[in-house]
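One-letter residues, chain by chain:
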Amino acid sequence: MPALRTTGLRKVFGDHVAADDIDLTVPAGSCYGLVGPNGAGKTTTLAMAVGLLRPDAGRAEIFGVDVWGDPVRAKGLIGVLPDGNAMPERLTGREVLTYLGLLRGLPAAVVAERTEELLHVLELDSAERTLVIEYSTGMRKKIGLAVALLHAPRLLVLDEPFEAVDPVSGATIRTILRRFVAEGGSAIISSHVMPLVEQLCDHVGVISGGRVVAAGPLADVRGAATLEETFVDLVGARPRATEGLSWLTS
Ligand SMILES: Nc1ncnc2c1ncn2[C@@H]1O[C@H](COP(=O)(O)OP(=O)(O)OP(=O)(O)O)[C@@H](O)[C@H]1O
């Protein structure tokens, strides 16, 4: 049974089709990279897949559980790092983890122990008395990741987990993800950084203009090329830096 399967997911905003007939299968035990240009529909797809945004059509299943039919069971199986910030801002990082851990029904001693470890591993212990509202963008990502990990989910769904984090924290997050998958967890991450996806992921889905244009094992999708070359080919993009901007150097 796949960790995540979406069939025919669709979302329209006004007259703009943000996601159209999205079929994705994330095999259990895989690290799945979701890539696509800005505005391709990655965040919209992930938000529908985890029960944060109601689709206009289609369904999503997490380990066979219908996300919109049985949201409580489905959400118990996943840890989500959403795009943007969706957490209490007037609490410290430690308070956020404690509050959300208890809300998820974890015993207080377990919450305390995991909070301590997560703050330490993600190098947020020095900011433990700082309110989330004062966190930098990278620190917000890290506390968001800690929240996603706290209840030891079976599937991690991380929207741009490496965006704005410093290289040391990026390496820590990669190590956590590798270990999580090596020990039987499943993960789906969206990213713009192709070498990183190639390094971390064994499966990849490419979304462009709200549609899946390629998906499957990484080796099959990229063939003999790099993922970056395949990506540019698939999305029909070409670098525009040689056009215009003549005033910049005149
Ligand atoms: N709440 C919304 N209301 C209106 N349009 C939206 C909304 N959310 C997303 N869109 C539009 O839907 C399209 C897909 O957006 P989405 O955020 O899913 O793309 P993305 O692939 O995650 O992009 P990026 O890589 O830039 O984060 C974009 O054209 C975006 O402007």
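In the nomenclature of an unreviewed UniProt entry, the protein chain corresponds to ABC transporter ATP-binding protein from the organism Nonomuraea maheshkhaliensis. As recorded by UniProt, the Subcellular location (unreviewed entry) comment attached to the protein chain reads in full: "Cell membrane".

Some details on the overall build of the protein chain
A count of helical and extended segments in the protein chain gives nine helices and ten strands. A compact globule built from 250 residues should have a C-alpha radius of gyration of about 18 Å, and the protein chain, at 19 Å, falls within 12% of that. With respect to the three principal axes, the spread of C-alpha positions in the protein chain is 55 × 50 × 40 Å. Within the protein chain, the fraction of its 250 residues that count as buried is 40%. A separation threshold of at least 6 residues defines the contact pool for the protein chain, and within that pool the share at least 24 residues apart is 66%.

Comments concerning the nonpolar core
Within the largest apolar cluster, 63 residues are counted, with the highest numbers of intra-cluster contacts made by Leu4, Ala146, Val157 and Ala187. The greatest single-element share of this core, amounting to six residues, is contributed by helix 5 (residues 137–149). Both domains that furnish three or more residues to this core are identified here as domain 1 (4–77 + 154–248) and domain 2 (87–152). If we skip the residues at most four places from it in the chain, Leu4 touches Leu24, Val26, Ala49, Ala60, Ile62, Leu155 and Ile188.

Remarks on the pairing of strand 6 (residues 78–81)
The two faces of the sheet receive side chains in turn, since in a regular strand these alternate between them. In strand 6, alternate side chains face the same way, and those of Ile78 and Val80 on one face and Gly79 and Leu81 on the other are all buried. Sheet analysis places strand 6 next to strand 7 (residues 155–159), joined by four bridges and oriented parallel. Each residue of the ladder has a partner; that of Ile78, found in strand 7, is Leu155.

Calculation criteria
Counting starts from 1 at the beginning of each chain's written sequence and moves along it residue by residue. Totals for whole chains, interfaces and linings use every residue, but because this is a predicted model, local features are given only for residues with pLDDT of at least 70 and side-chain atom pairs only at 80 or more, for both listing and counting. UniProt positions are given in the numbering used here, feature names are shortened, and annotations may be inferred rather than shown by experiment. Helix and strand assignments follow DSSP, with helices taken as H or I runs no shorter than four residues and strands as E runs no shorter than two, numbered in order from the N terminus. Between the two quantities, the radius of gyration covers C-alpha atoms and the globule rule is 2.2 Å times the number of residues to the power 0.38. Exposure criterion: with C-beta atoms placed from backbone coordinates, a residue whose C-beta has 20 or more other C-beta atoms within 10 Å is buried, one with 12 or fewer is exposed, and one in between is partly exposed. Contact definition: two residues whose C-beta atoms, as placed from backbone geometry, lie within 7 Å. Here a nonpolar core is just a set of buried residues of the types Ala, Val, Leu, Ile, Met, Phe, Trp, Tyr and Cys, joined wherever their C-beta atoms sit within 7 Å. Annotation comment: domain bounds sourced from an automatic or database domain assignment. A strand pair is defined by DSSP finding two or more bridges across the two strands.

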